[in-house]
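# Chains, contacts and geometry: an overview
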Amino acid sequence: MKHSLPGCTKKRWRTIVYLLLYGFIIPAGAQTGAKNDLFDREEIIQITLTGNVAKALSERSTVSLKYDGALTYKNDVNMGIVIPIQLQSRGNFRRSKDNCKLPPLWIHFTKANSPVTSIFSEQKKMKLVIPCQGDEYIIREWLAYKIYNLISPLSFRTRLVQVSLDDPAIRKAPAPFYAILLEEEKQLAKRNKMIAVETKTRPQQTQTNPFLTMTVFEYLIGNTDWSVQFLHNVKLLVKDSLSLPITVPYDFDHAGIVSALYALPEEALQLSSIKERRYRGYCMTDLKVFEPVIARYNDLKSDIYSLYNNCKLIDAKYLKFVTGFLDEFYETINNSKKWQKAFSYPCEPDGTGNIIIKGLKEN
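Below is a summary of the structure that appears in this document. Quantities reported herein were computed from a predicted structural model and do not represent experimental measurements. (Residues numbered from 1 in each chain as written. Predicted model: local features only at pLDDT ≥ 70, side-chain atom pairs only at ≥ 80, totals over all residues. Heavy atoms only, no water.)

Applying the stated criterion across every chain, the model contains 23 aromatic pairs. Taking 5.3 Å as the distance between ring centres and 75° as the angle between the ring planes, the aromatic pair formed by Phe 217 and Phe 252 counts as edge-to-face. Residue Phe 217 is located in helix α5 (residues 208-221), and its partner Phe 252 is located in the loop between β10 (246-249) and α6 (291-299); the two are separated by 35 residues in the primary sequence. Judged by its relative accessible area of 0%, Phe 252 falls in the buried class. (Phe/Tyr/Trp six-rings, centres within 6.5 Å; stacked < 30°, edge-to-face > 60°. Helix = DSSP H or I, 4+ residues; strand = E, 2+ residues; numbered from the N terminus. Buried < 20%, exposed > 50% of the residue type's maximum accessible area, 1.4 Å probe, protein only.)

Attention shifts here to the side chain of Arg 159. Following the sequence through the fold, Arg 159 ends up in strand β6 (residues 158-166). With relative accessibility at 6%, the residue Arg 159 sits in the buried group. When residues no more than four places from it in sequence are discounted, the contact partners of Arg 159 are Leu 38, Phe 39, Arg 41, Glu 42, Glu 43, Ile 45, Ala 179, Ile 180 and Leu 181. (Contact = heavy atoms within 4.5 Å.)

This part is about the pairing of strand β4 (residues 105-109). Taken across its five residues, β4 has four buried, putting it largely inside the fold. Judged from the five bridges that link them, strand β3 (residues 80-89) and β4 form a sheet pairing that is antiparallel. Across the sheet, residue Ser 89 finds its bridge partner in β4, namely Leu 105. Relative to strand β5 (residues 125-129), β4 is paired through four bridges, and the arrangement is antiparallel. Opposite Ile 107, over in β5, you have Met 126 as the bridge partner. (Pairing = 2+ DSSP bridges.)

The antiparallel open sheet is built from three strands, whose spatial order is β8-β9-β10. For this open sheet the edge positions go to β8 (195-197) and β10, each flanked by a neighbour on one side alone. Adjacent strand axes in the sheet meet at a mean angle of 40° when their direction is disregarded. With four bridges joining them, strand β9 (residues 234-238) and β10 adopt antiparallel strand pairing. Residue pairing across strands places Leu 237 opposite Ile 246, the latter belonging to β10. Docked against the sheet, α5 engages β9 and β10, running at close to 20° with respect to β10. (Axes fitted to C-alpha atoms, helices over the stretch in contact; angles between N-to-C directions.)

In C-alpha cells, the structure reads:
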C-alpha cells in the first residue's frame, strides 16, 4: 500500500519535499500577505502620476533628487484615491538616455494624508519598471517574474499597471503605457520570515538548492545579465545570522525570453545572441544535485506554458516564439546528456562559464 500525506497529491507532495530542501516550509498565508495586499489580485491597475513628473523623468545622473507628486487610482467602487508620493529616477542601463526613452522610477509613499484603506497603505518605497523601448517588453518581463513566482516563494511579486502621466511640463505626454510595480525587498523578506542583506559573497557560499533553482531559471529564460558576487540583479536573504544566504533574481529585460531589441549579450561571453542560452552557475562535480531542481521544473511545465497560452496581452507571433523557446529548454533538461553538458559548462577551463562581466569588477 502506498502512503502519502493526508490531502496531498503526488505533485503537491513533491512540492513539499522541494520546500524542505530550502530548510523550511512557508507558513500558510505567508505568500499572500494582508487581505488588502497590493499583490493579492491580478487585474491591471490604472494609475495616474501627477506633480513634478517631468523633472523626475529628466533626472538621468546616478545621484537623483526626489520630486513631489501624487498617484491616483480607482478602488473597487470606482472612487478615485489620491496618494501623496515622491518620484525619483533609478536604474543603471535603463536610466541612460542612450538606451531608454524614459528611466525607471522609485515611488516613495509618504504617510501624511495617505489613505489607510489604500492598496498601497503598506508600501514605503517601490520600483516602477517603465518601458525602455516598448510596452511589449514590459509584458514579457512581467511574465518572466510570474514564472519564478510559480517556481519559488522566494521571488519578487509584481503587479502590472497602466500608467498615465499628467504634468503640464511634459510637452507631449506619452499615451498610457504598461509598467511593473515590484514588491519591496523588505516585504519579500518579511513574508518569507527572513532578512535582506547587502553583503557581497561568492555563489559557492549561498544555499545550494535555491541557488541552482535560480540559475536554472536564468538558463530557462536565457538571461546572463546577473552576478551574485557583485549583487547585480540578485538579492540575498538570510534566515538568521548563522545561515547561508539565499539568492533571489530580478530584472529580466536582457533575457532571451524577453527578446528586447536593445538587449545584447556581453561580448566576453562569446554568445551570438541573447536567445542563445548559457548556464552561469559555478562548477559542480556532483551533477545529481540538479535532479530535484529539474524535477521541480518538470512538475510545473504545464503551469509555465499556461502563463503564456492564457495571456491576452501577447500576440500570436510572440506566443509561437516563446513556446519554441520553452520547448528547447524542456528538451534539454529531459535529456541527461544535454543537461549535464549544459550545467557543467562552468567546469570547462577554456569556457566563459565563470567570467566576470566587464563593468561589474571592482576597481
